[in-house]
Amino acid sequence: MALSENSRKVQTPDGYVRFSNDIANGLDSLHQRSINNSDDIPNEIGSRSSLNRDVELRSPSEITSDTDFNWQMNYHEAAIFLEEGENNEKFDSHPCHPEALPAYLLVHNRLYYTVDLVTSIILLALALGEDPAVPAFKLPVWVHSTIELFCLFIIGLELGFKLRWIGWATILKHKRTMLKCITLVIMVLEALVILVRQSSHLRVTRALRPIFLVDTCHLGGVRRCIRQILQSLPPILDMLALIFFFVSVYALLGYHLFSENHVNKSFQTLYDSFVTMFVLLTTANFPDVMMPAYAISKWYSVFFISYLCICLYILMNLMLAVVYETFTSIEREKFKKLLLHKQQACHHAFRLLVTKQHPGELRFRQFEGLMRYYKPKKSVRDTLLIFKQLNTSNSGFLKIDEFCNIYDAVTLQWEAQYSNIPWYHGTWIPERLQTVCQLTHTIVSEKYFEHAVTFIILTNCLAMIFRATQNYSNLEEAAHVFISSWDAVFFMFCYVTEASLKILGLGVHQYLNSGWNCYDITVTTLTVASIILIKMFPSWTFLVIFRPLRMLRLFKSKKRYRDIIGTMALLVPLMCSTAVVMLVLYYFFAIIGMELFAGYDMRNCCIGTAVEEFYRASNVSGNATSAIGYYYLNTFENLAASTVTLFELTVVNNWFILMDGYAYVFHPLSRFYFILFYLFTMIVLTIVVASVLEAFRFRIQYKRQTTKRDEEKLLHEEVHLRWDEVESWIPDFLMLEKLKSDFVVNGTATYLGCRPRNREVLQKRMYRNEMEEWLRENAINGEQN
């Protein structure tokens, strides 16, 4: 079936057509095609879409058949099912009535996704302008309250639309949506109160604003990361309980051993003893806390050494091992659940695309109708190739087991078989230039060319070491010589020549297909820019960073480094999600810290305590040798300062000094704020370490089980499509004329489909045996139910 231009125009970027456009505009072309190809349209639909019940279609210009309309609704709902499977959304939120479809489509398009994300970010950024505010961003009360109410109104619209197609019964069972609703109501009431009173009050609830950001469509990976953290909590809490048991036992013992030692004030009370031993678990106060007791008796060192060996080196590492094992099983279970969820979505969609006469056969006409909604950016050529790639039985129609591979098929990027022929063949360039390109292609394809490039990089490394070890009168002269001396210009010229030869011999497209080539051309461009900029702005000494970046290419030559870099590439999505989780955690604790500790001046505080010298801002003692501590700069006076303070606590070096300082100026129980922050960050970072270990183990295991040839087969699919097949699937003459440029008339065209080399693709290779077992179990359970 051909794709008309009219039907393309009414489609939204995310694959959905607005319901009103569907009725008013989208069916005229369908009616015309139904007249031209009435013999090819099935007259019965296998499963009627829930979106077309009790609907009477009326057109102002002509009456379109109910069959066309019903098929259109089926295509639409099938695409929604596939989207829900891909996004791992529960099917209980599926729109089940045509009146609910406009609301569903309104919040499921890229424009609203962007608006929702921007609104959530603005809502978080308001903390910069609210009291206590960053001076440069301080806003009047009525301004930030109005902005907050407007953002909350936009977020409330989505919940209102979601209520229209989901209903209260489903929302009450959806924990994340309920939490969002409750938070929204609380914040609206607080914003109204502040707007009326024109003054702020204690607003710890601002710490919940990240809920709106996490719930946006673009942060699905962050939600999965948070879900994994929550699923990993039980073993972590079990190990923390065991660790706290030993901390408490040693705190009790330390109190009875050292409380009478007035020199060591860390064990004066049971509370002080517990806090001291907890800090010792992070080694931040070691060996300072041991030395007063060690001065009395060398045998007291056994107390501290045994504590660190048991709690730090055994229990903490055991916790990492337990988390790693749990994380590995969670990753496997997550992959299994997502696979089965996608299978279920495919089954739902398949029932909407087949006819009653042929309930097990999906024809190309229905498949093409589905693709118009599910992947509208796919061309007719790509749709044909995807259908052919799925049709492994060569029957001309798809069975359910073939259709279930659609998620993998739509990720393929198709290129004609002849696309691997050098770019300069068959072009308009002169024959002599083609000869030069051929020679260049031969040169850059030789392994000796790479060896020569490696030798140049090594020589450049030696030149940089020589330049860096010379004596210079000032930093500007040192930076100028390092970046723009004759040797730097020479090596820059070599890099430019290398990139030019590769582009000339391989072509721009093939050159940029390599990640290393993209890195090389980027670094080369930055190096050229740094040489120019250092001439114009001699004070920009930071430009020295660009010259040594090319040395990273040397690590590619060793297999161990390739495994590490490959693991880093697999971890990029997870690391991005983890970074957002850490920022959310920082925001939460920063808001609470600002509400608790803003306004307290830490200069010259803690007089008479063990941390007094760290907060010394001036020489108040009259001793000329006393130094300034600078710890008084670690405050919670605004969001920016709070973030810096929390990062210092994350590093845990001397973090107890900050904790003791605020315990002195605010309240001793404030220590629990800092302890809780340490525990939360420790949990997140432990899971990050476990994920890194799991990803590295996964890559090494994958490399051992997969040869280079197997990997090429995994990442590439070859499809042979005959012209007579194209004619049998597409009866539209005009569309066939357009497709003649992509296929071989009266012959066979061969296309190569390339998959992205991501974790999901590799997991399918690793779990291929388990996948078959999971699918069999799911089929058996489905038959029994």
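Residues numbered from 1 in each chain as written. Predicted model: local features only at pLDDT ≥ 70, side-chain atom pairs only at ≥ 80, totals over all residues. Heavy atoms only, no water.

Undergrad: Provide a residue-level description of the overall build of the protein, including the pertinent values.
TA: Within the protein, the secondary structure is distributed over 33 helices and three strands. The buried share of the protein, reckoned over its 785 residues, is 48%. Accessible surface, the protein as shown: approximately 39700 Å² in total, 63% of it carbon and sulfur. (Helix = DSSP H or I, 4+ residues; strand = E, 2+ residues; numbered from the N terminus. Buried < 20%, exposed > 50% of the residue type's maximum accessible area, 1.4 Å probe, protein only. Areas by Shrake-Rupley, 256 points an atom, 1.4 Å probe, with all protein chains shown as cover.)

Undergrad: Got a sec to walk through the packing of helix α21 (residues 475–484) against helix α24 (residues 515–536)? Specific residues and values, please.
TA: Two elements in contact, α21 and α24, have axes separated by 9 Å at closest approach and are oriented at 150 degrees. On the basis of their axis angle, the class for α21 and α24 is roughly antiparallel. Crossing of α21 against α24: the hand is left-handed. For the pair α21 and α24, contact is made by H480, I483 and S484 and by S530, I531, I534 and K535, respectively. (Axes fitted to C-alpha atoms, helices over the stretch in contact; angles between N-to-C directions. Parallel < 35°, antiparallel > 145°, perpendicular 65-115°, else oblique. Left-handed = near helix turned anticlockwise from the far one by under 90°. Contact = heavy atoms within 4.5 Å.)

Undergrad: Summarise the side chain of T750; cite the residues concerned and give the values.
TA: Secondary-structure assignment places T750 in strand β3 (residues 748–754). A distance of 2.9 Å separates the side chain of T750 from the side chain of H720, its partner in a polar contact. (Polar contact = N/O pair within 3.5 Å; in protein donor to acceptor, adjacent residues only side chain to side chain.)

Undergrad: Residue-level account of the sheet that holds β3, with values.
TA: In spatial order, the strands read β1-β3-β2; together these three strands make up an open sheet with antiparallel pairing. The sheet is open, and its two borders are formed by β1 (413–416) and β2 (716–722), each paired with just one other strand. Within this sheet the neighbouring strands show an average axis-to-axis angle of 30 degrees, counted without direction. One ladder, built from seven bridges, connects β2 with β3; its direction is antiparallel. Within the sheet, the bridge partner assigned to H720 lies in β3 and is T750. Against the sheet, helix α16 (residues 380–390) makes contact with β1, β2 and β3, and its axis sits at roughly 105 degrees relative to β2, the strand it touches most. (Pairing = 2+ DSSP bridges.)

Undergrad: Break down unusual backbone geometry for me, citing the residues and quoting the values.
TA: It is generally the case that most residues other than glycine have a negative phi and that most peptide bonds are trans. D131 connects to P132 through a cis peptide bond whose omega is -5 degrees. Within the fold, P132 resides in the loop between α6 (110–125) and α7 (141–166). Between F286 and P287 the backbone carries a cis peptide bond, its omega angle lying at 10 degrees. Position of P287 relative to the elements: it lies in the loop between α12 (270–281) and α13 (291–296). In this structure, N88 takes a positive phi of about 60 degrees despite not being glycine. With relative accessibility at 39%, the residue N88 sits in the partly exposed group. The backbone phi angle of N746 is positive, close to 60 degrees, even though this residue is not glycine.

Undergrad: Go over the confidence of the model for the protein with me, naming the residues and quoting the values.
TA: Averaged over every residue, the pLDDT of the protein is 81; the share at 70 or more is 88%. The low-confidence segment residues 1–43 (pLDDT under 50) makes 112 contacts with residues lying over four places distant or belonging to another chain. Between residues 53–64, whose pLDDT stays under 50, and residues either more than four places distant or in other chains, the model counts 17 contacts. (pLDDT = per-residue confidence, 0-100.)

Undergrad: Pulling in residues and values, what's your account of the packing of aromatic side chains?
TA: With the rule as written, the count across this model stands at 45 aromatic pairs. Pairing F258 with Y300 gives two aromatic rings, centres 5.0 Å apart and planes at 75 degrees, and the pair type is edge-to-face. Note that F258 is positioned in helix α11 (residues 220–258) and Y300 in the loop between α13 and α14 (301–351), a separation of 42 residues in sequence. Ring plane angle 25 degrees and centroid distance 6.5 Å describe the contact between Y630 and Y632, whose orientation is recorded as stacked. Residue classification places Y632 among the buried positions, given a relative accessible area of 11%. Here the aromatic cluster, defined as three or more aromatic residues joined through ring pairs, consists of Y586, F588, F589, F597, Y600, F636, Y662, F666, Y673, F674, F677 and F680. One Lys or Arg, K298, reaches over the ring of Y294 and ends 5.2 Å from the middle of that ring. For the cation-ring pair, R550 lies above Y495, with the distance from its terminal atom to the ring centre recorded as 4.4 Å. (Phe/Tyr/Trp six-rings, centres within 6.5 Å; stacked < 30°, edge-to-face > 60°. Lys NZ or Arg CZ within 6 Å of the ring centre and 35° of its normal.)

Undergrad: Would you mind going over the side chain of E725 in detail, with residue names and values included?
TA: Summarising the element assignment, E725 is placed in helix α30 (residues 723–729). The contacts of E725, once residues within four sequence positions are left out, are K388 and H720.

Undergrad: Which residues make up the environment of R203, and what values do they have?
TA: Its place among the elements puts R203 in the loop between α9 (175–197) and α10 (210–214). Judged by its relative accessible area of 2%, R203 falls in the buried class. For the pair R203 and I592, spaced 389 residues apart in sequence, the C-alpha to C-alpha distance is 8.5 Å. Once you skip the residues sitting within four places of it in the chain, R203 turns out to touch E130, E148, E190, I194, R209, I591 and E595.

Undergrad: Please set out the pattern of salt bridges residue by residue, giving values where relevant.
TA: For the structure on display, the rule yields 29 salt bridges. For R553, the salt bridge goes to E450, with nearest N and O atoms at 3.4 Å. Linking R553 in the loop between α24 and α25 (559–597) with E450 in helix α20 (residues 447–468), this pair joins segments that are 103 residues apart in sequence. For E450, a relative accessible area of 27% puts it in the partly exposed group. Note that E725 and R722 form a salt bridge whose closest N and O atoms lie 3.7 Å from each other. (Salt bridge = Lys/Arg side-chain N within 4 Å of Asp/Glu carboxyl O.)

Undergrad: How would you explain helix α26 (residues 639–651) if you had to name every residue and give the values?
TA: In this model, α26 (13 residues) spans 19 Å end to end at C-alpha, consistent with the 18 Å of a helix rising 1.5 Å per residue. The set of residues buried in α26 consists of L639, A641, S642, T645, L646, L649 and T650. In this structure, the buried residues of α26 make contact with α25, α27 (655–665) and α28 (671–705). Where α26 begins, the capping side chain belongs to N638, and its oxygen is found 3.1 Å from the backbone nitrogen of A640. Immediately beyond the C-terminal end of α26, within one or two residues, lies V652, with a positive phi of roughly 65 degrees. (Expected span 1.5 Å × (residues − 1).)

Undergrad: So what's going on with the environment of M277? Residues and values would help.
TA: By the secondary structure assignment, M277 is in helix α12. Between the alpha carbons of M277 and F267 there is a distance of 9.3 Å; along the sequence they are 10 residues apart. Ignoring sequence-local partners within four residues, the contact set of M277 consists of V247, Y250, A251, F267, F303 and Y307.

Undergrad: Any chance you could break down a nonpolar patch on the surface for me, citing the residues and the numbers?
TA: There is a patch of nonpolar side chains on the surface, built from L552, F555, Y561, I564, M568 and F696 and spanning about 520 Å² of accessible area. It is α25 that contributes the most residues to the nonpolar patch, three residues altogether. Mapping F696 onto the fold places it in helix α28. According to the relative accessible area criterion, F696 is partly exposed, its value standing at 35%. (Patch = residues over 30% accessible without salt bridge, like charges linked within 9 Å, V, L, I, M, F, W, Y side chains within 5 Å.)

Undergrad: Give a detailed account of the packing of α11 against α28, specifying residues and quantitative values.
TA: Contact geometry for α11 and α28: axes closest at 11 Å, N-to-C directions at 120 degrees. Considering the angle they form, α11 stands oblique to α28. Of the two possible hands of crossing, α11 and α28 adopt the one that is right-handed. Only L679, M682, I683, V684 and I687 of α28 make contact with α11, whose side of the interface consists of I229, S232, L233, I236, L240 and F244.

Undergrad: Quick one: what's the story with α25, residue by residue and with numbers?
TA: Its axis deflected by about 50 degrees at L571, α25 carries its strongest bend there, up to four residues before the proline P573. At the C-terminal side of α25, G599 shows a positive phi close to 100 degrees. (Bend = angle between axes of the 7 residues up to and from the residue.)

Undergrad: I'd like to hear about the nonpolar core, residue by residue, with values.
TA: In a soluble, globular protein the nonpolar side chains are often hidden away together inside. Counting 83 residues, the largest nonpolar core has Y615 and W655 as the members making the most contacts within it. With near-sequence residues (within four places) excluded, W655 lies in contact with F278, V279, T282, A284, L649, F674 and I675. (Core = buried A, V, L, I, M, F, W, Y, C linked by side-chain atoms within 4.5 Å.)

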